[in-house]
Amino acid sequence: MDGINNASDGVMLLQNENISSLEVDHLYHIGLDTNSYDFPKEFGDVKFVCMGGSPSRMKSYASYIAEKLNCPFTDDKMPHNYACASDRYVVYKVGPVLFANHGIGIPSLSTVFHDIAKLLHHAGCKDIYFFRLGTSGGLNLEPGTVVISKNVLNGMLSPTWELPVLGKMVSQKAVPTKDLALYLKNLAEKELSFKTVLGTTVCANDFFEGQGRLDGAFCSYTPDERKDFFEKLKELGVTNFEMESVGFVALCNRINLPCAVICVTLLDRYISDQITSDHETLVSWQMKPIQLFTKFVLNHINN
Ligand code: R2B
Ligand code: URA
């Protein structure tokens, strides 16, 4: 099953012989290819990959960390989008941090993840950490709380990513790096003033029925059935819903690299299904995960 692994010196290896026999590798979804780009020169120093759903959030994250790391941009003080030849995704680089957006849902995430993993391989990158920074719906948490996932479950409440491959269902384990999650929680407690919790995240394949909402265009269950499901989630210690963690973590497990999922909650699903906070509040909450990530990067660089 394993497609990508690390050499003993930490360099990312692709164990897909089909790739080594390609004369040129076209990373179509990020608009780069190994012929026209010097990957080791441009990306060889990447140590941290930060992914999140929206392209504009990745841009503000890149600008935020550029200031904290004191890495000014050369292009009119704006981050350069390396993926500008594609309109699907964005890729920014700030010092050792590579940012890429992944869109909504696992199919969108896994598509760009393959290209990013190949980029890192072609660049000869070593000892990389992967982070997903995102938004989520909280369960019994004050909106604006930051959840660091210690477990991720799929919509069937299993810690696996199920992917049909060649007509057969392939199940891949999805386990966030435990030490990293604990380290981040500790770091947040010491250095940040907002509330963070370690939690169990359910990764749904849909925002509405897949997350037990009553306000979608369709609803195939009763409010009582939804209540029973939420009771079950409570017993399992579920803290939040989002839509990519299981695929993200399973892919990181497969390349054998440390990974963390940090999501801010935008609402409490016990109180409402709709996200009603004003734009400014939502934007300020969405900056919380990058604050924790930045502390992690700074600590890492300085140690
Ligand atoms: C959180 O928010 C998005 C849906 O609004 C989705 O990408 C996710 O995981
Ligand atoms: N993202 C989700 O997937 N669910 C929510 O409720 C909020 C953000």
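Bear in mind that the values here come from a model prediction, so they are computed numbers and not experimental data. (Residues numbered from 1 in each chain as written. Chains lettered and ligands numbered in written order. Predicted model: local features only at pLDDT ≥ 70, side-chain atom pairs only at ≥ 80, totals over all residues. Heavy atoms only, no water.)

A. Structural context of the packing of helix 5 (residues 178-191) against helix 9 (residues 288-302). Following both chains from N to C, one finds helix 5 and helix 9 inclined at 100°, their axes separated by 10 Å at the closest point. Relative to helix 9, helix 5 is oriented roughly perpendicular. Mapping the contact onto sequence places Leu180, Tyr183, Leu184, Leu187, Ala188 and Glu191 in helix 5 and Leu292, Lys295, Phe296 and Asn299 in helix 9. Of the residues contributing to the contact of helix 5 with helix 9, the split by class is seven nonpolar, one polar and two charged. (Axes fitted to C-alpha atoms, helices over the stretch in contact; angles between N-to-C directions. Helix = DSSP H or I, 4+ residues; strand = E, 2+ residues; numbered from the N terminus. Parallel < 35°, antiparallel > 145°, perpendicular 65-115°, else oblique. Contact = heavy atoms within 4.5 Å. Nonpolar A, V, L, I, M, F, W, Y, C, P; charged D, E, K, R; others polar.)

B. Highlighting helix 3 (residues 55-68). The terminal C-alpha atoms of helix 3 lie 20 Å apart, and with 14 residues this matches the ideal 20 Å at 1.5 Å per residue to within 8%. Arg57, Met58, Tyr61, Ala62, Ile65 and Ala66 are the residues of helix 3 that are buried. Residues of helix 3 that are buried sit in contact with strand 5 (48-52), strand 6 (91-94), strand 7 (97-101), strand 8 (129-138), helix 8 (279-286) and helix 9. The backbone nitrogen of Ser56 has a side-chain oxygen 3.4 Å away, supplied by the residue at the start of helix 3, namely Ser54. Just downstream of helix 3 lies Asn70, where phi reads positive at about 55°. (Expected span 1.5 Å × (residues − 1). Buried < 20%, exposed > 50% of the residue type's maximum accessible area, 1.4 Å probe, protein only. Polar contact = N/O pair within 3.5 Å; in protein donor to acceptor, adjacent residues only side chain to side chain.)

C. Summary view of the pattern of salt bridges. Within the structure shown, the criterion is met by eight salt bridges. Residues Arg226 and Asp273 are paired through a salt bridge, measuring 2.9 Å at the closest nitrogen-oxygen approach. You can see Arg226 sitting in helix 6 (residues 223-235) and its partner Asp273 sitting in the loop between strand 14 (259-268) and helix 8, a full 47 residues away along the chain. Each member of the pair, Arg226 as well as Asp273, carries the same accessibility label: buried. Notably, a salt bridge pairs Arg269 with Asp273, separated by 2.9 Å at the nearest N-O pair. Considered together, Arg269 and Asp273 belong to a single accessibility category, that of buried residues. When salt bridges that share partners are traced, they join Arg132, Glu242 and Glu244 into one network. (Salt bridge = Lys/Arg side-chain N within 4 Å of Asp/Glu carboxyl O.)

D. Fine view of the site of ligand 1. Neighbouring residues of ligand 1: Ile104, Arg132, Thr135, Phe207, Glu242, Met243 and Glu244. One nitrogen or oxygen atom from the side chain of Arg132 is found 3.2 Å from an oxygen atom belonging to ligand 1. Thr135 places a side-chain nitrogen or oxygen 3.1 Å from an oxygen atom of ligand 1. Bound to the protein, ligand 1 loses 79% of the 260 Å² it would expose on its own. Its residues placed into classes, the shell around ligand 1 shows three nonpolar, one polar and three charged. (Near = heavy atom within 4 Å. Areas by Shrake-Rupley, 256 points an atom, 1.4 Å probe, with all protein chains shown as cover.)

E. Region of interest: the site of ligand 2. Thr135, Ser136, Gly137, Phe207, Gln211, Arg213, Phe241, Glu242, Met243, Leu267 and Ile275 make up every residue found near ligand 2. At 2.9 Å from a nitrogen atom of ligand 2 is found a side-chain nitrogen or oxygen belonging to Gln211. Taking Arg213, its side chain carries an N or O atom lying 2.6 Å from an oxygen atom of ligand 2. About the coverage of ligand 2: the protein hides 94% of its 240 Å² of free accessible area. For the shell around ligand 2, the secondary-structure elements that each account for two or more residues are strand 8 and strand 13 (238-242). Here the element with the most residues in the shell around ligand 2 is strand 8; it accounts for three residues. Residues belonging to the shell around ligand 2 are distributed by class as follows: five nonpolar, four polar and two charged.

F. Summary view of the packing of aromatic side chains. Applying the stated criterion across every chain yields a total of 19 aromatic pairs. Centre to centre, the rings of Phe131 and Phe296 are 5.2 Å apart; their planes meet at 55°, and the pair counts as tilted. With Phe131 in strand 8 and Phe296 in helix 9, the pair connects residues that are 165 residues apart, well separated along the chain. Exposure remark for Phe131: the relative accessible area of 0% places this residue in the buried category. We classify Phe296 as buried; its relative accessible area is 3%. Pairing Phe230 with Tyr270 gives two aromatic rings, centres 5.6 Å apart and planes at 90°, and the pair type is edge-to-face. Taken together, the residues span a long stretch of sequence, with Phe230 in helix 6 and Tyr270 in the loop between strand 14 and helix 8 at a distance of 40 residues. Residue Tyr270 is classed as partly exposed on the basis of its relative accessible area, which comes to 33%. The structure contains a cluster of three or more aromatic residues connected by ring pairs, namely Phe48, Phe99, Tyr129, Phe131, Tyr183, Phe293 and Phe296. It is Arg213 that lies over the ring of Phe207; its NZ or CZ is 3.8 Å from the centre. (Phe/Tyr/Trp six-rings, centres within 6.5 Å; stacked < 30°, edge-to-face > 60°. Lys NZ or Arg CZ within 6 Å of the ring centre and 35° of its normal.)

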